[in-house]
Amino acid sequence: MKVHVFSRFTFGLKIFTAAMLIVAAVAGGSLNSKVTAQGGRVIRVVDVSTQQGQQVNAVIELDAQGNEASISFTLNFDPTKLANPFVTLGNGVPPSTSLGTNPSQTGFGRLGILADTTNSYAAGTRQMLIVRFDVLAGAASGPSIVSFGSTPTGQSISTATGSLVSATYQSGIIQIGTGGPTPTPTPTPTSTVTPTPTATPTPTATPTPTATPTPTPTVTPTPTPTPTPTATPTPTPTPTATPTPTATPTPTPTATPTPTPTPTATPTPTATPTPTPTATPTPTPTATPTPTATPTATPTPSPTPTPASNTPPGTNVTVTDPSGLVSASFATVFQPGNTFFTNIPEVAPGFTPPGYSMRQGSTHYNITTSAPFAGPVLACFIDFTVDDPEEFARLRILHREGGQLVDRTVLPPGFPGPNFAGRQICASVDVPTDFYITIGPIYNVGGQVVTPSGLGLRNAIVTITDYRGVRQTATTSSFGVYSFPGIRGGETYTISVFSKRYRYAAKVVQIQGNIADIIFVGLE
């Protein structure tokens, strides 16, 4: 099977090479000065800074005019500084955009990219692509230019109707510096964790006199000055207050001793310190959540789990529509995504290439995927509405590429070729879009059989054989002329000649149109 790596990014159209902005780059400079393109359409690489040994995302923006659909180009970068480019769609692309890459020349600093959709970009500045690079640990410091080119993938922008439009391609700078971003790890919250105020609550508990002003005698031992003014109403008990254990001499105040034991019970309300811990511990937990807030940034990896998809990463990944009538096989899928199969109506007459016609009763499909992939895509269709082997042999698959329909049917010696038993026919494309099942063209094939001296040989039998082994025969005229009408286009046939007088070497011919000059010369 032939390996196609975006050799058809041009979609069969003439590639329009837009003017590329080239600006001398100096350290710390920028290539992204505003440029006015024709019509204001600009594709740019946004400047970004990074460090050695890290990864960096280069964002590609489009200043869209509102009619762009299919965009392709080559991204040039310095392979001595940047490696392993990985492309994902940006948040500004239209719905159902398919992304394809050609990584065949990344070792030389060139990556082919194609973003194709049947919709149009909304007018304004749109984030089109994000290209992630690994910055080599030994990369030299300074600016590294990321620019646009046309090898291996040509620069082309077309509308949803296939019309080519122009743009200015604007380079950007990845500024590579030395040293890592040490300021970011400064975990200042660790200083907040030092809740030394926990020792201070004990002095705060001492102002218990505020809560117990009535039993001044008990408090008097700690601050003697303060109780003296309060003790003036009861000067006689003051001496007894100092020896609190001598509360037994009841004779001095017969009525007062009974209240005095009640204040003795008040010392037991030393439970008054309980309010102090209740107030003070509350600030201590408030300090502890602050460190816990910093680790909460770690849950950011939670978005990494990708939703369930029908297109897993890997090689030779095949996705089949629930109907079982259409499938898409990807050479390489880099990240999981979803592949969609949508029925579409036939195109208007005149849009198909000359000689092709839409097959009535067949179902046509649009195939798109959100999974980043590379390499060819094999789209296979099963059509049980065709019962005649000869009619099935004429089936061809046209693929929309820009504003044209191109025959991408896999025919022998390619694999897999049409299979009448399973009613399956396939097409090989770079990026899947719209597929139409059609009846292919037929042509007249002929020529002449001559003798070694160049004279026409009469009554020679000429045989033409298709890939299935089905043969047609014709007999040459008196001038050695033969002709085969109704030969299917796009196929490879073997033509041979039988004569009793001369030997003739067989010819293998691929039929792409009417042919009338296949000449056989006899061998002695």
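Let me sum up the structure you'll find in this document.

Here is what the cut-offs are and how they apply
Residues numbered from 1 in each chain as written. Predicted model: local features only at pLDDT ≥ 70, side-chain atom pairs only at ≥ 80, totals over all residues. Heavy atoms only, no water. Helix = DSSP H or I, 4+ residues; strand = E, 2+ residues; numbered from the N terminus. Buried < 20%, exposed > 50% of the residue type's maximum accessible area, 1.4 Å probe, protein only. Contact = heavy atoms within 4.5 Å. Areas by Shrake-Rupley, 256 points an atom, 1.4 Å probe, with all protein chains shown as cover. Disulfide = S-S within 2.5 Å. Phe/Tyr/Trp six-rings, centres within 6.5 Å; stacked < 30°, edge-to-face > 60°. Lys NZ or Arg CZ within 6 Å of the ring centre and 35° of its normal. Pairing = 2+ DSSP bridges. Axes fitted to C-alpha atoms, helices over the stretch in contact; angles between N-to-C directions. Salt bridge = Lys/Arg side-chain N within 4 Å of Asp/Glu carboxyl O. Core = buried A, V, L, I, M, F, W, Y, C linked by side-chain atoms within 4.5 Å. Polar contact = N/O pair within 3.5 Å; in protein donor to acceptor, adjacent residues only side chain to side chain.

Considerations on the overall build of the protein
Then comes step 1: Secondary structure summary: the protein contains 10 helices and 30 strands in total.
Then comes step 2: Within the span of the protein, comprising 524 residues, buried residues form 42% of the whole.
Then comes step 3: Once local pairs closer than 6 in sequence are excluded, the contacts in the protein between residues at least 24 apart make up 72%.
Then comes step 4: Looking at the protein as shown, the accessible area adds up to about 25900 Å², and 62% of this sits on carbon and sulfur atoms.

Observations regarding the state of the cysteines
Then comes step 1: Under the criterion given, the structure shown has one disulfide.
Then comes step 2: The disulfide bridge from C380 ends at C426, spanning 2.1 Å between sulfur atoms. Of note, the bridge from C380 to C426 carries an S-S torsion of about 105° and is right-handed in sense. Pair noted here: C380 is in strand β19 (residues 373–382) and C426 is in strand β22 (residues 424–429), with a separation of 46 residues, a long-range link.
Then comes step 3: Using a relative accessible area of 8% as the deciding quantity, one classes C380 as buried.
Then comes step 4: C426 sits in the buried class, given a relative accessible area of 0%.

A short note on the packing of aromatic side chains
Then comes step 1: Throughout the structure, instances matching the rule amount to 10 aromatic pairs.
Then comes step 2: Aromatic side chains F73 and F148 sit 5.1 Å apart centroid to centroid with 85° between the ring planes, which places their arrangement in the edge-to-face category. Residue F73 is located in strand β5 (residues 70–76), and its partner F148 is located in strand β10 (residues 142–149); the two are separated by 75 residues in the primary sequence. Here F73 and F148 have matching classes, each one buried.
Then comes step 3: Taken together, a centroid distance of 6.2 Å and an interplanar angle of 90° make the contact between F86 and F334 edge-to-face. With a gap of 248 residues between them, F86 in strand β6 (residues 82–89) and F334 in the loop between β15 (326–333) and β16 (339–344) connect regions that are remote in the sequence.
Then comes step 4: With a relative accessible area of 14%, F86 lands in the buried category.
Then comes step 5: Here the aromatic cluster, defined as three or more aromatic residues joined through ring pairs, consists of F73, F148 and Y169.
Then comes step 6: If you follow R423 out to its NZ or CZ, it ends over the ring of F420, 4.0 Å from the centre.

Quick look at the sheet that holds strand β26 (residues 471–475)
Adjacent strands of a sheet form backbone hydrogen bonds with each other and so pair up, either parallel or antiparallel.
Then comes step 1: With respect to topology, four strands assemble into an open sheet ordered β26-β25-β28-β29, the strand pairing being antiparallel. Looking along the sheet, the strands with just one partner apiece sit at the ends: β26 and β29 (507–510). Strand-to-strand twist of the sheet, defined as the mean angle between neighbouring strand axes without regard to direction, takes the value 25°.
Then comes step 2: Strand direction decides the pairing type here: strand β25 (residues 461–465) and strand β28 (residues 492–498), joined by five bridges, are antiparallel. When the sheet's bridge partners are listed, T465 is paired in β28 with T494.

Points about the pattern of salt bridges
Oppositely charged side chains can pair when the atoms bearing their charge come close.
Then comes step 1: One pass over the full model with this rule turns up 14 salt bridges.
Then comes step 2: Salt-bridge contacts for R488 lead to E390; the nearest nitrogen and oxygen are separated by 3.5 Å. Here the residue R488 occupies a position in strand β27 (residues 481–488), and E390 occupies one in helix α10 (residues 389–393), the gap between them amounting to 98 residues.
Then comes step 3: R488 sits in the buried class, given a relative accessible area of 7%.
Then comes step 4: For the salt bridge of R488 with D466, the shortest nitrogen-to-oxygen distance reads 2.7 Å. Taken as a pair, R488 in strand β27 and D466 in the loop between β25 and β26 lie far apart in primary sequence, 22 residues in all. The exposure classification of R488 matches that of D466, with both residues buried.

Some words on the sheet that holds β27
Then comes step 1: Sheet architecture is open: three strands sit in the order β27-β24-β30, paired in mixed fashion. Every other strand in the sheet has two partners, leaving β27 and β30 (515–521) as the edge strands with one partner each. Direction aside, neighbouring strands of the sheet carry axes that sit 25° apart on average.
Then comes step 2: By the bridge criterion, six bridges tie strand β24 (residues 442–450) to β27 in an arrangement that is antiparallel. Bridging from a neighbouring strand, I442 pairs with R488 of β27.

Let's talk about the nonpolar core
Then comes step 1: Counting 33 residues, the largest nonpolar core has I43, I60, F73, L75, M128 and F133 as the members making the most contacts within it.
Then comes step 2: For this core, the secondary structure elements donating two or more residues are β2 (42–45), β4 (55–64), β5, β6, β8 (110–116), β9 (124–135), β10 and β13 (172–177).
Then comes step 3: Filtering out sequence-adjacent residues up to four positions away, M128 remains in contact with I43, I60, E61, L62, I71, F73, T88, L89, G90, V93 and Y121.
Then comes step 4: Judged by nonpolar contacts, the second largest core, of 26 residues, contains A379, F381, A427 and F435.

Describing the environment of R488
Then comes step 1: Separated by 46 residues in the primary sequence, R488 and I442 have C-alpha atoms spaced 4.4 Å apart.
Then comes step 2: For R488, the side chain forms a polar contact with the side chain of E390, separated by 3.5 Å.
Then comes step 3: Polar contacts involving the side chain of R488 include one to the side chain of E491, which spans 2.5 Å.

Quick word on the side chain of E491
Then comes step 1: Tracing the backbone shows E491 in the loop between β27 and β28.
Then comes step 2: Every residue in contact with E491, bar those within four places of it in the chain, is listed here: A393, R396, L411, D466, Y467, V509, Q510 and I511.

Examining the environment of M128
Then comes step 1: Here M128 lies in strand β9.
Then comes step 2: Accessibility expressed as a relative area gives 0% for M128, which makes it buried.
Then comes step 3: The spacing of M128 and G90 is 38 residues in sequence and 4.6 Å in space, taken between C-alpha atoms.

Looking at unusual backbone geometry
Then comes step 1: Residues T151 and P152 are joined by a peptide bond in cis, for which omega reads 15°.
Then comes step 2: As for its placement among the helices and strands, P152 is situated in the loop between β10 and β11 (156–158).
Then comes step 3: That bond from F415 to P416 is cis: its omega, -5°, falls within 30 degrees of zero.
Then comes step 4: Positioned with a positive phi, N84 is a non-glycine residue whose angle comes to about 50°.
Then comes step 5: Summarising the element assignment, N84 is placed in strand β6.
Then comes step 6: Relative accessible area serves as the criterion here: at 53%, N84 is assigned to the exposed category.
Then comes step 7: A positive phi angle is found at N316, which is not glycine, with a value near 50°.
Then comes step 8: Relative to the elements of secondary structure, N316 occurs in strand β14 (residues 314–320).

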